[in-house]
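The lines below spell out each chain.
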Amino acid sequence: MIGRLKFGGSSIELTSLQRYSAFHMEVDTREANSIIFSSGYQIVQYNTLEDRITVIAGNASDRGYQDGKGDEALFDFITGFTQMNSSTLVVADKYNHCLRLIELLTGRVSHYAGTCKTSGFVDGTADSARFYNPPSIITSNNNDLIVADSYNYALRKVSSLNGNVTTLITKLPYTPRAITRHPSNSTMIYMSCECVVITVNLASLGSGYETLTTVPNCNVRRSYPSEILFLSDHALMLSAGAGDFFIYNIDTDRHYSIDNYVSRSRGLLLVHNQIFIGSLGGIKTLPGERLSMLAKPRCLGVVTFYCDIFRHWTKLSYDKVVYIIIFMTTIRTRSHPSLLKILPAQ
């Protein structure tokens, strides 16, 4: 059966995409009901209404470095890209150590910045600068490119005016793997660096970076987040390769986990309160009702300690524990805000 994706719908199995990996996904700004995703050595478009798959550029059976049109072009592993406008996108060609430009209409691929096939840490012009395994890239509010530069432990910028590359932050605590912007504050950058999430304010680079949170059990499972997604101004979602997902509420400093929902998960995309999860075996969805399960009432105030102990003993969910405590002690508790309310209103 061919699965169909309808934005805003219920859980959907995208069976037609099972032969593709999806490391990063974005809504196609050119065409309604379409998404673009990176699939290792290709950039692919999927039209959800027509169930149409179009390979924009790259060759699934070959890797390397070659400019050209469509499947003539070769990449050496794409884990991140960004749409500069409705006609072009820039990919982080990770193991070629450079950025490549793709014309979406023709599929033509050309060099954009960095010395392809040569790693290093050099600022300079687009042709002379060097990166070292860049995995993730975003567009800033003035159309500059912000690049996570893994083994240089740095955050780099590529000017939209002349292509010059400069370094914004160095000596990051760990190798950066994914990068995103705050949805309401475009100067705030959030990065997953192995087991920690850090923030960088582009308006005050002199202050360096700040550690926001540490991903639970990350070092134990060696499951480093490969994608970071804002569900709203107040909540982040991270996916890790072992199939773990973590939702972090910035305001309450609280983590929620969804374990083993998708094996070897990669990309994340939020469209109309529906979360699409890329993996090594296609794209699946995380239904909204699954998120609501994480938003049950929890104990607050002086009863928190006893509630947590009782929950541990009984293995009950927070909502049942709260109701039992209310019944037994008539202590009033408040409900924790629903994660669905955290999601942006449509």
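Residues numbered from 1 in each chain as written. Predicted model: local features only at pLDDT ≥ 70, side-chain atom pairs only at ≥ 80, totals over all residues. Heavy atoms only, no water.

Further remarks concern the state of the cysteines. Scanning the entire structure with this criterion turns up one disulfide. Across the disulfide from Cys98 sits Cys116; the S-S distance is 2.1 Å. An S-S torsion of about 100° defines the bridge between Cys98 and Cys116 as right-handed. With Cys98 in strand E8 (residues 98–103) and Cys116 in the loop between strand E9 (108–113) and strand E10 (136–139), this residue pair connects regions lying 18 residues apart in the sequence. For the pair Cys98 and Cys116, a shared accessibility class is recorded, and that class is buried. (Disulfide = S-S within 2.5 Å. Helix = DSSP H or I, 4+ residues; strand = E, 2+ residues; numbered from the N terminus. Buried < 20%, exposed > 50% of the residue type's maximum accessible area, 1.4 Å probe, protein only.)

Turning next to the pattern of salt bridges. By the definition in use, this model includes nine salt bridges. Among the ionic pairs, Asp67 bridges to Arg100, the shortest N-O distance being 3.0 Å. Separated by 33 residues along the polypeptide, Asp67 in the loop between strand E4 (52–58) and strand E5 (68–69) and Arg100 in strand E8 bring together distant segments of the chain. For Asp67, a relative accessible area of 34% corresponds to the partly exposed category. Judged by its relative accessible area of 0%, Arg100 falls in the buried class. The salt bridge partner of Arg100 is Asp93, with a shortest N-O separation of 2.6 Å. Classification of Asp93 by relative accessible area gives buried; the value is 0%. Salt bridges linked by common partners bring Glu31, Glu50 and Arg52 together as one network. (Salt bridge = Lys/Arg side-chain N within 4 Å of Asp/Glu carboxyl O.)

The backbone of Lys117 sits at a positive phi, close to 70°, despite the residue not being glycine. Tracing the backbone through its elements, the reader meets Lys117 in the loop between E9 and E10. Here the phi dihedral of Asn143 falls at roughly 75°; this positive angle occurs in a residue that is not glycine. Among the structural elements, Asn143 can be located in the loop between E10 and strand E11 (145–149). Its relative accessible area of 28% is what places Asn143 among the partly exposed residues.

Turning next to the sheet that holds strand E16 (residues 196–201). Strand order in the open sheet made by the four strands is E14-E15-E16-E17, with antiparallel pairing throughout. Two strands in the sheet have a free side with no partner beyond their single neighbour: strand E14 (176–181) and strand E17 (209–214). Each strand axis lies, on average, 25° off the axis of its neighbour in the sheet, ignoring direction. The pairing of strand E15 (residues 188–193) with E16 spans six bridges and is classified as antiparallel. Across the sheet, Ile189 pairs through a bridge with Val200, a residue of E16. (Pairing = 2+ DSSP bridges. Axes fitted to C-alpha atoms, helices over the stretch in contact; angles between N-to-C directions.)

The strand order across the open sheet built from four strands is E10-E11-E12-E13, with neighbouring strands paired in antiparallel fashion. Unpaired on one side and paired on the other, E10 and strand E13 (165–169) mark the two borders of the sheet. Neighbour-to-neighbour, the strand axes of the sheet open up by a mean angle of 30°, direction not taken into account. Relative to strand E12 (residues 154–158), E11 runs antiparallel, the two sharing five bridges. Within E12, the residue paired with Val147 across the bridge is Arg156.

Take a nonpolar patch on the surface next. A cluster of nonpolar side chains, contributed by Tyr132, Tyr151 and Tyr153, occupies part of the molecular surface with about 290 Å² of accessible area. Here Tyr151 lies in the loop between E11 and E12. (Patch = residues over 30% accessible without salt bridge, like charges linked within 9 Å, V, L, I, M, F, W, Y side chains within 5 Å. Areas by Shrake-Rupley, 256 points an atom, 1.4 Å probe, with all protein chains shown as cover.)

Quick look at the nonpolar core now. Membership of the largest hydrophobic core comes to 15 residues, with the highest contact counts inside it found for Val90, Leu99, Tyr112, Ala113, Leu145 and Val158. At the level of elements, strand E7 (88–93), E8, E9 and E11 are the ones that each hand at least two residues to this core. Discounting residues that sit within four places of it in the chain, Val90 has contacts with Phe81, Thr82, Met84, Leu99, Arg100, Leu101, Tyr112, Ile137 and Leu145. (Core = buried A, V, L, I, M, F, W, Y, C linked by side-chain atoms within 4.5 Å. Contact = heavy atoms within 4.5 Å.)

We now examine the confidence of the model for the chain. Mean pLDDT for the chain: 79, with 73% of residues reaching 70 or above. Below a pLDDT of 50 lies the segment residues 1–12, which in the model reaches 39 contacts outside its immediate sequence neighbourhood of four places, other chains included. For the stretch residues 292–346, pLDDT sits under 50, and the model shows 74 contacts to residues farther than four places along the chain or on other chains. (pLDDT = per-residue confidence, 0-100.)

Next up on the list: the pairing of strand E18 (residues 225–230). Counting buried residues in E18 gives five out of six residues, a clear majority hidden from the surface. Bridging between E18 and strand E19 (residues 235–240) involves five bridges; their strand directions are antiparallel. Its bridge partner lying in E19, Pro225 is registered against Ala240. In sequence, E18 turns back onto E19 through a hairpin of four residues.

Attention shifts here to the environment of Glu210. Mapped onto the elements, Glu210 comes out in strand E17. Sequence separation of Glu210 and Tyr190 is 20 residues, and the distance between their C-alpha atoms is 9.7 Å. Non-local contacts of Glu210, meaning those with residues more than four positions away in its chain, are made with Val197, Ile198 and Thr199.

This part covers the pairing of strand E1 (residues 24–27). Across four bridges, the pairing between E1 and strand E2 (residues 34–38) is antiparallel. Within E2, the position partnered with Glu26 by the bridge is Ile36. Joining the antiparallel neighbours E1 and E2 is a turn of six residues, in which Asn33 adopts a positive phi near 60°.

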